[in-house]
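Survey of secondary and tertiary structure
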Amino acid sequence: MKRGLEGPAPEERPTPAGRRNKQGIRIDPEVEATHEPRRTVISALVAHEPGVLSDVSGLFSRRQFNIESLTVGPTEDEDRARITIVVEEPDPGIDQVEKQLRKLVPVISVRELEPDAMRRELALVKVDAADPASVSAVADMYDATAVDSSPETATFEITGSRQKIEAAVETFSQFGIREISRTGLTAMARGTDQTAGADLTAQPADEANYSDATQPADDD
Amino acid sequence: MSERAAKVTPAEDEQDDDQITDSATPDAATADTTATDAASEETTDPVTTGAESVVRALENAGVEYAFGVQGGAIMPVYDALYDSDIRHVTMAHEQGAAHAADAYGIVSGEPGVCLATSGPGATNLVTGIADADMDSDPLLALTGQVSTDFVGNDAFQETDTTGVTTPITKDNTFASDSDRVGSDVSEAFALASEGRPGPTLVDLPKDVTNGETDREPDEPKTPDTYHVQEQADPEIVAAAADRIENASRPVMLLGGGVIKGEASEACREFAVEHEIPVITTMPGIGAFPEDHELSLEMAGMHGTGYANMAITHCDTLIGIGTRFDDRLTGGIETFAPDAEVIHVDIDPAEISKNIHADYPLVGDAETVVEQLADAVDESPAAKKWRAQCQQWKSDYSMAYEAPEDAPVQPEFVVEALDEATSDQAIVTTGVGQHQMWAAQYWTYTEPRTWVSSHGLGTMGYGLPAAIGARLAADDDQEVVCVDGDGSFLMTLQGLSVAVRENLDITVAVLNNEYIGMVRQWQDAFFEGRHAASDYNWMPEFDKLAEAFGACGFRIDDYDDVADTIEEALAYDGPSVIDVHIDPDANVYPMVPSGGDNGQFALTEDQL
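A brief structural summary.

Criteria and cut-off values
- Residues numbered from 1 in each chain as written.
- Chains lettered and ligands numbered in written order.
- Predicted model: local features only at pLDDT ≥ 70, side-chain atom pairs only at ≥ 80, totals over all residues.
- Heavy atoms only, no water.
- Helix = DSSP H or I, 4+ residues; strand = E, 2+ residues; numbered from the N terminus.
- Buried < 20%, exposed > 50% of the residue type's maximum accessible area, 1.4 Å probe, protein only.
- Areas by Shrake-Rupley, 256 points an atom, 1.4 Å probe, with all protein chains shown as cover.
- Pairing = 2+ DSSP bridges.
- Axes fitted to C-alpha atoms, helices over the stretch in contact; angles between N-to-C directions.
- Core = buried A, V, L, I, M, F, W, Y, C linked by side-chain atoms within 4.5 Å.
- Contact = heavy atoms within 4.5 Å.
- Buried area = accessible area lost by both parts, 1.4 Å probe.
- Salt bridge = Lys/Arg side-chain N within 4 Å of Asp/Glu carboxyl O.
- Polar contact = N/O pair within 3.5 Å; in protein donor to acceptor, adjacent residues only side chain to side chain.
- Phe/Tyr/Trp six-rings, centres within 6.5 Å; stacked < 30°, edge-to-face > 60°.
- Expected span 1.5 Å × (residues − 1).
- Parallel < 35°, antiparallel > 145°, perpendicular 65-115°, else oblique.
- Left-handed = near helix turned anticlockwise from the far one by under 90°.
- Nonpolar A, V, L, I, M, F, W, Y, C, P; charged D, E, K, R; others polar.
- 1 Å grid on protein atoms, 1.4 Å probe; cavity = no way out; pocket = protein on both sides within 12 Å on 5 of 7 lines; lining within 4 Å.
- Points joined across faces, edges and corners; volume = space filled by probe spheres on them.
- Patch = residues over 30% accessible without salt bridge, like charges linked within 9 Å, V, L, I, M, F, W, Y side chains within 5 Å.

1. Observations concerning the overall build of chain A
Regarding its fold elements, chain A presents five helices and nine strands. Taken from the N to the C terminus, the helices and strands of chain A come in the order β-α-β-β-α-β-β-α-β-β-α-β-β-α. Taking all 220 residues of chain A together, 46% fall into the buried category. Just so you have it, chain A exposes about 11,500 Å², and 50% of that area is on carbon and sulfur atoms.

Written out as C-alpha cells, the structure is:
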C-alpha cells in the first residue's frame, strides 16, 4: 500500500542556500530586496465608453490591489476619459497595477505621476451655523466657499490637497459637522509633461522613477 | 428549469427540420458551386440582418466549426447559420461547447467558436470561458441576450453576461447596434488570437441580431488601442545572451506560450545548439520532445524529480511563455533561488508578476528566441551540469512496479496507450490523478498534442475537448481522452454528440472509484478521512457508452490491456474503455502545495 518512487529522500538531497522574498526577488544580502508599500497616483487615459469604469474597478478588486481613491471624468477629447487612481502598494505591486491596467483593451495609456504632480480633491462640508461669524472665519482660513446656508447650517466647498481638506474638516468639527461628501483625487502632471497622453507607446515609469518617489508630499 | 425546457422545445423541433433539410444540403451545395462557377464574383448575398452580419463575420474569419446549443435569444444567429457553410456542432451542454471550442483552438491555433443563448446558456459557458482564460486559449464566445428594451429588467433568461464574464475574458462587448454587430464579432475574433491569446465574448441582444442592416462586417482587426510588442529590447537581449554564455547551470523552461507562439522549433534548435537542459511546464508539454536527451520533462507539483532538482539548482533560468504559476513554482521563496531569471513573454504584465525577472524580454516567443539565438555566440560551459542532470534522471527515474497479481497500475495503461498510438496522437484529459499520469507517463514529442485544463483545473474537460480536438485534428491523428471516473461523469453527455457526429475518439477512463486526487490529499493531509471522495457508486462506463451508441470496453487485468486498447483504437467511432485500476494508486513525485520543489516526496511517508 505504501508505494511510490525510488530515489534519495528529501533530507539526503542538496539544497541551495539562496531564497527569494514574497515578491519573487532573490534575496541578496548586498541589496535590500523588500519593498514597503507607498502611496502613489496613477493616471489612465481610456476610451470614453460604457463599462470602462467597471472594467477598471473590477480589475482592482479581483486582483486585490489596495486602492484608496478612483475618479473618472471626461477630457478635452470627447472620446477619451481620464481615470485617476490612488493606490498604496509596494513597488512591484504598483508596477503590476500599471501593467494590468494597460492590458485592458479600452485603456489607451497609463502612467504613474511624478511626486510633484498637481493633486486636488473637493469636499462639501455641512456644519452647524449657530455661530456664523466663527464659521465664516474658519472658512476664510481654508479658502472655503459657501455654497448654501440656512438658519441652522452652512455648507462649504473646499478644494485642495488631501491634507488641506483634512485640516479644514478637523477645524470645522468644533462647530459640529452634519455631513461630509468628498470626491476622490484628480491629478495632472506639471508643465509640458504629459499626464497620460495619447502617446500610445507610453512605457511605464522606469525604475529610477520609483526609487526617488518615496511618500510624496501632496502639493498645493 | 421547466420554463427553460419549454422554451427549448421549439428549438428541438427545429432541429428535426434541420436534419431533414440536411439531407438536401448536398444538392444545395452543388447548386451553390454551379452558381459560383457561373459568376465567380457574386458568391454571397448581401447581409440583411444583424445576425447575417454576425455569421458573415465568422465566414470572413475562416471559421469552419461552431459549437453550441440553440435557445431563445440566440435563435436569429442560428437562423442565419442555417444557410452558412459553417458546420454547427450541437453540443449536449454549453460547458461542453466552450471546452470543445477551446480544444479546437489549442489544436488548430485558430480561435474556436462557441455559441449559447442568454441566461442559463451563457452561464453554462462560463466554466469553459474561465478555463480558456487561465490557459490563454483563443476562444470566441457568442451569447444571445434579451432585447435591448428588456435589458436590466430581469427579463426571462436574462443575465448580465458581459458583467459576469468581464473577469474571465480578454475582452467582451455588448453589441448594441445592428450595423456594428458584425464588426464587433470580427474584432472579437481577431482579439482572441492576437498577442497573448484568450477568450473574447460578444453578447448579442435579440433585437440587434434581428434588426435590419446592409452593413457588411469589417475585416477581423484588433482595435487601435491594442498593441503587441513583437521584438524584445535589443539591449536586454544582449545582456541576457551574455548571462547565458556565462552560465554554468542553465535550464530552459518552456511554457504554453511556446506552443501558442509557434516557437517550439526555435526553442528546440536553441537548446540543442547550446546543449541546455529543457524543462516544460504542464501547458508546455509537447514544446520539446520528451525522448530527447536534454529533456527533463515537466517540473512542478507532480513534475519529475529530475526536472524539479534541475529547476531548484540552476543558476540561469530561461523561462519562455510561462507565467510561473504556483503549481509550477511551489513556494516562491524556494523557487530557483540561485537563478538569474531571463523571462520571455508577450504579455508585459507577466514579467515579475510572480517571479522577479532579471532580464525581462517582452515580445513574441519565436521572434525573441531567434533574437537570443543571434546574440548568443558561445555555448555555456555546462558539461558538469548536464552530467548532473543525467544523474538525477537515473536517481529519480519514473519507474513503477506492476506485479502481475496486483490490480492494473494506471501508469502501465498510459504507457500502453502511448505505445499503441503514433507520435502525432492527441491526448485530452480531465483533471485529477489520471491527468498527472497522462502527463508523466506518455512521451510527448510534438506541440499541440497535449490538450488539458491547466490553470483552472476543470474536471469534465476531457471528453468535450476530445470532440473539439477531433474536428481540428488531421484525419490520421488519433485522439485519445485519458479521463478519470469523477471527471468523465461530469460531462459524459457529450458522448451523445460524439456518437451523432461519429467522431473517432477513444476514451480511457482510469476508474478507481474515487475522486482520486482528493483521496490522495485526504490520505496525506486529512488523516485518511475520505469525506465525499469515495465514488463506489460509479456506473459501468462500458455499458453506459453502449447505451449512448458508442462502443464499450472494460479492462480488469493486465492480460486485457494491450488487446482491448488495440480494439478500441481500431473502432471507427467513439469508444470508451472502463479501466479498473488499482484504487490505491497515487501520483508521485509530489510537491505539497506551497512547498519546496527540491523537496518533492517520492512516497506518502515523505509528505
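2. Here's the deal with unusual backbone geometry
Residues and elements named next belong to chain B. Of note, the bond from Y588 into P589 is cis; its omega dihedral lies within 30 degrees of zero at 0°. Checked against the element boundaries, P589 lands in the segment after strand 18 (575–580). The backbone of E275 shows a phi angle near 50°, a positive value even though the residue is not glycine. Along the polypeptide, E275 turns up in the loop between helix 11 (264–274) and strand 8 (278–280). For E275, a relative accessible area of 40% puts it in the partly exposed group. A positive phi angle is found at E527, which is not glycine, with a value near 55°.

3. Comments concerning the pairing of strand 6 (residues 145–149) of chain A
Residue and element names in this part refer to chain A. Of the pairings in the sheet, the one linking strand 6 to strand 7 (residues 153–160) comprises four bridges and is antiparallel in character. Across the sheet, residue A146 finds its bridge partner in strand 7, namely F156. What sits between strand 6 and strand 7 in their antiparallel hairpin is a turn of three residues.

4. As for the sheet that holds strand 4 (residues 139–145) of chain B
Whenever strands of a sheet pair, they do so through backbone hydrogen bonds, lying parallel or antiparallel. Residues and elements named next belong to chain B. Pairing within the open sheet is parallel, and its six strands lie in the order 2-1-3-4-6-5. Of all strands in the sheet, those bounded by a partner on one side alone are strand 2 (87–90) and strand 5 (171–174). Neighbouring strand axes in the sheet, compared pairwise and without regard to direction, differ in orientation by 20° on average. Both strand 4 and strand 6 (residues 199–205) contribute to a ladder of seven bridges, which runs parallel.

5. Points about the nonpolar core
One recurring pattern in soluble globular proteins is that nonpolar side chains are buried together. Residue and element names in this part refer to chain B. Within the largest apolar cluster, 68 residues are counted, with the highest numbers of intra-cluster contacts made by I279 and L317. Not counting residues up to four positions away in its chain, the partners in contact with L317 are V251, L253, I311, F324, F335, A336, A339, E340, V341 and I342. The next biggest cluster of nonpolar side chains, apart from the first, holds 52 residues, and it includes A103, V451, A465 and V576.

6. Observations concerning the interface of chain A and chain B
The interface is formed by 34 residues belonging to chain A together with 53 residues belonging to chain B. Summed over both sides, the interface of chain A with chain B buries roughly 3,800 Å², with 52% coming from carbon and sulfur. Contact with chain B buries area across many residues of chain A, yet L5, R20 and V105 of chain A alone supply 21% of it, more than any other trio. Taken together, the links from chain A to chain B amount to three salt bridges. Across the salt bridge formed by D347 of chain B and K103 of chain A, the nearest N and O atoms sit 2.6 Å from each other.

7. Focus on the side chain of T280 of chain B
All names here are of chain B. Within the fold, T280 resides in strand 8. The class for T280 is buried, based on a relative accessible area of 3%. Apart from the residues within four sequence positions on either side, T280 is in contact with L253, L254, I285, E297, M298 and A299.

8. Here's the deal with the environment of R470 of chain B
All names here are of chain B. Locating R470 in the fold gives a position in helix 18 (residues 462–472). Ignoring sequence-local partners within four residues, the contact set of R470 consists of D475, Q477, E478, V479, L503, D504 and I505. A distance of 2.9 Å separates a polar atom in the side chain of R470 from the backbone oxygen of D474.

9. Let's talk about the sheet that holds strand 1 (residues 38–47) of chain A
All names here are of chain A. Strand order in the open sheet made by the four strands is 2-3-1-4, with antiparallel pairing throughout. Of all the strands in the sheet, the pair left with one neighbour each is strand 2 (67–74) and strand 4 (107–112). The sheet shows a mean angle of 15° between the axes of neighbouring strands, taken without regard to direction. As paired elements, strand 2 and strand 3 (residues 80–89) share seven bridges and run antiparallel to each other. Along strand 3, the bridge assignment pairs V72 with I83.

10. Topic: the packing of aromatic side chains
Counted under the stated rule, the structure contains 15 aromatic pairs over all chains. Consider the rings of F60 of chain A and F65 of chain A, whose centres lie 5.7 Å apart with planes at 70°: the pair is edge-to-face. A residue is classified by how much of its surface remains accessible, and F60 of chain A, at 1% relative accessible area, is buried. Owing to a relative accessible area of 12%, F65 of chain A belongs among the buried residues under this scheme. Residues F324 of chain B and F335 of chain B carry aromatic rings whose centres are separated by 5.8 Å and whose planes lie at 70° to one another, so their mutual orientation is edge-to-face.

11. Let's talk about helix 4 (residues 94–108) of chain B
Residues and elements named next belong to chain B. With 15 residues, helix 4 should cover 21 Å at 1.5 Å per step; its first-to-last C-alpha distance of 21 Å lies within 8% of that length. For helix 4, the tally of buried residues reaches 14 of 15 residues, placing the bulk of the element in the interior. Count one or two residues on from helix 4 and you reach G109, which has phi positive near 85°.

12. A closer look at the packing of helix 16 (residues 410–420) of chain B against helix 17 (residues 433–441) of chain B
All names here are of chain B. Interaxial distance between helix 16 and helix 17 falls to 9 Å at its minimum, and their mutual angle equals 50°. With respect to helix 17, the element helix 16 is oriented oblique. Along this stretch, helix 16 crosses helix 17, giving a crossing that reads as right-handed. Counted together, P410, E411, V414, E415 and D418 of helix 16 and W437, A438 and Y441 of helix 17 form the full contact between these two elements. A breakdown of the residues in the contact of helix 16 with helix 17 according to their chemical character gives five nonpolar, no polar and three charged.

13. Examining helix 9 (residues 234–245) of chain B
Residues and elements named next belong to chain B. A rise of 1.5 Å per residue sets the reference length of helix 9, with its 12 residues, at 16 Å; its end C-alpha atoms lie 16 Å apart and thus fit the reference within 8%. The complete set of buried residues in helix 9 reads V237, A240, A241, R243, I244 and E245. In this structure, the buried residues of helix 9 make contact with helix 11, strand 10 (316–320), strand 11 (340–345), strand 12 (359–362) and helix 14 (365–375). The N-capping residue of helix 9, defined by a side-chain oxygen 2.9 Å from the backbone nitrogen of E235, is D233.

14. Some thoughts on empty space enclosed by the protein
Residue and element names in this part refer to chain B. According to the stated counting rule, one finds five cavities of 30 Å³ or more in the structure shown. Within this model, the largest cavity holds a volume of roughly 100 Å³. Contributing to the lining of the largest cavity are I106, D135, D137, G256, I259, K260, P283, I285, R448, W450, S452 and H454. The greatest single-element share of the lining of the largest cavity, amounting to three residues, is contributed by helix 10 (residues 256–260). Taken together, the residues of the lining of the largest cavity sort by class into five nonpolar, three polar and four charged.

15. Observations regarding the environment of E290 of chain B
Inspection of the secondary structure assignment puts E290 of chain B in the loop between strand 8 and strand 9 (295–298). Residue classification places E290 of chain B among the buried positions, given a relative accessible area of 8%.

16. Some points on a nonpolar patch on the surface
Residue and element names in this part refer to chain B. On the surface, F525, F526 and L607 cluster together to form a nonpolar patch covering roughly 280 Å² of accessible area. Positionally, L607 belongs in the segment after strand 18. Given the relative accessible area of 31%, L607 is considered partly exposed.

17. Some remarks on the pattern of salt bridges
Enumeration over the complete set of coordinates arrives at 37 salt bridges over all chains. Across the pair E333 of chain B and K22 of chain A runs a salt bridge whose closest N-O atoms are separated by 3.0 Å. Here E333 of chain B, found in the loop between helix 13 (326–329) and strand 11, pairs with K22 of chain A, found in the segment before strand 1, and the two come from separate chains. For K22 of chain A, a relative accessible area of 70% puts it in the exposed group. Salt-bridge contacts for R38 of chain A lead to D91 of chain A; the nearest nitrogen and oxygen are separated by 2.6 Å. One end of the pair, R38 of chain A, is in strand 1; the other, D91 of chain A, is in helix 2 (residues 91–103), and 53 residues separate them in sequence. Take R38 of chain A and D91 of chain A: they sit in the same class, and that class is buried. Residues joined in a network through salt bridges with shared partners are R39, E68, E121, R162, E166 and R182 of chain A.

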